Amino acid sequence: MILVVPPNHTSRFAFPQQGIVSLASALKRKKLKVSVTDCQLHRDFLKPLLKAVAEDDDIGFYTTTYSYPFVKGAAAAIKKFNPRARIILGGPHASHLPEKLVEDFADIVVAGEGEKILPRILAGEALEYVPSVSYKNGNGEVMENPRAGLLEDLDSLPFPAWELLDYKKFSFSHYRRLPLVSMVTSRGCEFRCIYCASSAVHGHETRMRGIESVVGEIELDVEKYGVRELHIVDDDFTCDVERVKEICRAIISRGLNKKILLAKPNAIRPDRGDREMFDLMKMAGFYFTAIAVESADPEVAKKLGRNTDSGRHYETIAMARKAGLFINTFFLMGSPFDTRETMMKNIKLACSIPTDIVSFFMMKPYPGTPLFSHLVKTGKIEDRNHCGIPSCNDGKSFYSANDWNEEDLIRLVMFGYKKYYLNPYRFVRLLLRLPLFISNPIILMKLFFNLLFGGSPASDSRRQRRDIDLRVSSLILQPEPPRRLSTEE
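Residues numbered from 1 in each chain as written. Predicted model: local features only at pLDDT ≥ 70, side-chain atom pairs only at ≥ 80, totals over all residues. Heavy atoms only, no water.

1. A word on the overall build of the protein chain
Our working definition: Counting from the N terminus, the helices are DSSP H or I runs at least four residues long and the strands are E runs at least two residues long. Relative accessibility thresholds used throughout: buried, under 20% of the residue-type maximum; exposed, over 50%; partly exposed, between the two (1.4 Å probe, protein chains only). Note on definitions: a residue-residue contact is assigned when non-hydrogen atoms from the two residues lie within 4.5 Å. For every accessible area listed, the method is Shrake-Rupley and the probe measures 1.4 Å; residues are considered covered only by the protein chains on display.
The helix and strand tally for the protein chain stands at 18 helices and 15 strands. Within the protein chain, the fraction of its 489 residues that count as buried is 60%. Within the protein chain, contacts between residues separated by at least 24 positions form 75% of all contacts whose residues are at least 6 apart in sequence. Accessible surface, the protein chain as shown: approximately 20400 Å² in total, 54% of it carbon and sulfur.

Written as structure tokens, this is what we have:
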């Protein structure tokens, strides 16, 4: 089987996709043939894909709402080249809308976690007996099987087989050392933020790996693959503060903190953690974490389902900063409950807390989330299941609300970035602390350029984003490639 990672929303980094590498490792353990084609690493997406499908008929795509146009276009190109190809989809978008994707173009869709499901498909088991799959039966009817339960014993899964990917080419918008890979120490999140799509795959229960399993994977990454930096991408890493401390102590006791740097780029909650936890994280090798405040207005935060203690925002960020961590703080802009005043509160709070950098994300309504349903119900957006919703870094909105429209939102976000980063005191402080965060001066220059001309230091410039969108959408318009002959021909 060929597992495909779609191109990223940015030209500046290629980040290891945990879902794909976990599936690849599960297939390898079952002695099933598997390879990975990572389109993040190729400017010409079609060439490596067609080269790969010449050797295999089963093609699996990790599918998000953002990557849907690419996946559909790539699937059409593959089918022209190899009519026997079987297109199998997984990921958050596929888990939200399995039957619609089968109606549209997919042969099989796997909803939820696929490590136990995909090997059964590839082993040739009759699809009607495989849980969590959607497909067409012999009469052309779309069938959707009941979902399997979530994986309870995460320690039973094999460690990521990074040798199946060109992992030494991975990088992020910030890093201190290479090679860099990612890992998860838990799956799922008990909280119910209305804009989060993670629950479609991993549910609303936080399932945790054992300490020995976590540290054993880190040790393997260091000793076998030569990894020098590891990004932990759990949805809720600090769900259990004492467990985080235990992980850090185990890392220190094995001396791994002297061999690898750690980061938590996709944020922790602003009301979890204490000084001991942050001190231990620093001692264990963490140099960076993001903290997701999301909204400074308590009423907006409540309607978003955040369920956080807003009184702890400043305290948590201050503790992390005092421990010596470099801090990014996340804010969401443009929720249907926001006004210009509440978004200005976000900007004001960002400029008053002891954070190092800030990210103002425009809220995106992903299908399957309560936010999407709310916006459809209130008539703010159409029910476009496969609409081209871009990544959270893209400067686009899809609706207006209260006293603002899309143009107002873009202006507010750009104002927030410039007010924060162009303040002389914060700018000088940031320059002095940046060596704690990033080691590539070229990336630093691009971040500042994008701040001035793209509206966000966390995303590409508008011209770069248009180029990426055109290359993705052009797959649908590709001239017909030479067709691979079947054995009968």
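2. Some points on the pairing of strand β4 (residues 86–90)
Here is the rule we go by: Paired strands, in this sense, are two strands between which DSSP finds at least two bridges. The handedness of a crossover follows from its direction of travel: if, with the strands pointing away from the viewer, the path from the first strand over the helix to the second runs clockwise, the crossover is right-handed.
Summarising burial for β4: 4 of the 5 residues are buried, a large majority. Summarising the sheet, strand β3 (residues 58–62) and β4 pair through 5 bridges and their orientation is parallel. Bridge pairing in β4 places Y62 opposite G90. Tracing the backbone out of β3, into helix α3 (residues 68–81) and back to the parallel element β4 gives a crossover that is right-handed.

3. Points about the sheet that holds strand β1 (residues 2–5)
Which entries qualify depends on this criterion: Only the stretch in contact is used when fitting a helix axis, every axis being a line fitted to C-alpha atoms; angles between N-to-C directions are given from 0 to 180 degrees.
Across the sheet, 7 strands lie side by side as β2-β1-β3-β4-β5-β6-β7; this open sheet has mixed pairing. Bordering the open sheet on either side are β2 (35–38) and β7 (142–144), each of which pairs with just one other strand. Between one strand axis and the next, the sheet turns by 20° as a mean value, whatever way the strands run. Relative to the sheet, helix α1 (residues 18–29) contacts β1, β2 and β3, its axis offset from that of β1 by approximately 170°.

4. Digging into the sheet that holds strand β13 (residues 286–294)
In space, the 6 strands of this open sheet follow the order β8-β11-β12-β13-β14-β15, with parallel pairing throughout. Looking at strand neighbours, the two that pair on one side only are β8 (180–183) and β15 (357–362), the edges of this open sheet. Put simply, the sheet's adjacent strands are angled 20° from each other on average, direction ignored. Bridge analysis of strand β12 (residues 261–268) against β13 gives 4 bridges, and the strand direction is parallel. Looking at β13, one finds that A263 is bridged to F288.

5. Topic: helix α12 (residues 313–322)
α12 sits mainly inside the fold: 7 of its 10 residues count as buried. Of all the residues in α12, the buried ones are H313, T316, I317, A318, M319, A320 and R321. Contact partners of the buried residues in α12: α10 (275–284), β13, β14 (326–333), α13 (340–350) and α16 (424–433). In the stretch just after α12, G324 is the one whose phi turns positive, near 100°.

6. A few points about the nonpolar core
Operational definition: By nonpolar core we mean a set of buried residues, namely Ala, Val, Leu, Ile, Met, Phe, Trp, Tyr and Cys, connected to one another through side-chain atoms within 4.5 Å.
Grouped together as the largest cluster of nonpolar side chains are 109 residues, with contacts concentrated most on L3, L118, I121, I218, F278 and F360. Per element, the largest residue contribution to this core is 7 residues, and it comes from β13. I2, L49, F61 and L101 belong to the second-largest nonpolar core, a separate cluster that totals 27 residues.

7. A look at the packing of helix α9 (residues 241–253) against α10
Basically, it comes down to this: We call two directions roughly parallel when the angle between them is under 35 degrees, roughly antiparallel when it is over 145, roughly perpendicular when it lies between 65 and 115, and oblique otherwise. Crossings are sorted by hand: turned counterclockwise from the far helix by less than a right angle, the near helix makes the crossing left-handed, and turned clockwise it makes it right-handed. Polar here means any residue outside two lists: the nonpolar Ala, Val, Leu, Ile, Met, Phe, Trp, Tyr, Cys and Pro, and the charged Asp, Glu, Lys and Arg; Gly therefore counts as polar.
One can describe the packing of α9 onto α10 by two numbers: an axis separation of 9 Å at closest approach and a directional angle of 25°. Comparing the axis directions of α9 and α10 gives the class roughly parallel. Crossing handedness for the pair α9 and α10: left-handed. Contacts from V241, V244, K245, C248, R249, I251 and I252 in α9 reach E276, M277, L280, M281, M283 and A284 in α10. Classifying every residue of the contact of α9 with α10 by side-chain character gives 10 nonpolar, no polar and 3 charged.

8. What about the packing of aromatic side chains?
Note the cut-off: In summary, the pairing rule links any two rings of Phe, Tyr or Trp, Trp by its six-membered ring, whose centres are within 6.5 Å, and it sorts them by plane angle into stacked for under 30 degrees, edge-to-face for over 60 and tilted for everything else. Only lysine NZ and arginine CZ atoms are considered, and such an atom sits over a ring when it is within 6 Å of the ring centre and within 35 degrees of the ring normal.
Taken as a whole, this structure holds 12 aromatic pairs when the rule is applied. Aromatic pair Y167 and Y225: ring centres 5.6 Å apart, planes at 80°, arrangement edge-to-face. Of this pair, Y167 sits in the loop between β7 and β8 while Y225 sits in helix α8 (residues 211–225), and the two are 58 residues apart along the sequence. Across the pair, Y225 and Y167 agree in class, each one buried. Aromatic pair F237 and F286: ring centres 6.1 Å apart, planes at 35°, arrangement tilted. Placement of F237 in the loop between β11 (229–232) and α9 and of F286 in strand β13 is noted, with a sequence separation of 49 residues between them. Of the two residues, F237 and F286, neither departs from the other in class, the shared state being buried. Every member of this aromatic cluster is reached through a ring pair, and the members are F331, F360, Y417, Y420 and Y421. Over the face of the ring belonging to Y287 we find R176, whose NZ or CZ atom lies 5.4 Å from the ring centre. The aromatic ring of Y420 is capped on one face by R426, whose charged end is 4.9 Å from the ring centroid.

9. With respect to a negative patch on the surface
As a reminder, the rule being used: Residues enter patches when they are more than 30% accessible in relative terms and free of salt bridges; like-charged ones are connected within 9 Å and nonpolar ones (Val, Leu, Ile, Met, Phe, Trp, Tyr) within 5 Å. By definition, a salt bridge exists where a carboxyl oxygen of Asp or Glu is found within 4 Å of a side-chain nitrogen of Lys or Arg. Think of it this way: Lys and Arg go in the positive column, Asp and Glu in the negative one, and His and the chain ends go nowhere. Charge placement uses NZ in Lys and CZ in Arg. For Asp and Glu, CG and CD serve respectively.
On the surface, E152, D153, D155 and E205 cluster together into a negatively charged patch. Here D153 is to be found in the loop between β7 and β8. Given the relative accessible area of 48%, D153 is considered partly exposed.

10. Some remarks on the pairing of β1
A two-sided burial pattern is seen for β1, the buried positions comprising I2 and V4 on one face and L3 and V5 on the other. Note that β1 and β2 share 4 bridges and pair parallel. Of the residues in β2, the one forming a bridge with L3 is V36.

11. Considering helix α2 (residues 46–53)
When you tally the buried positions in α2, you get 6 out of 8 residues, the bulk of the element. Inspection of α2 places L46, P48, L49, L50, A52 and V53 among the buried residues, and these make up the whole buried set. Buried residues in α2 make contact with β1, β2, β3 and α3.

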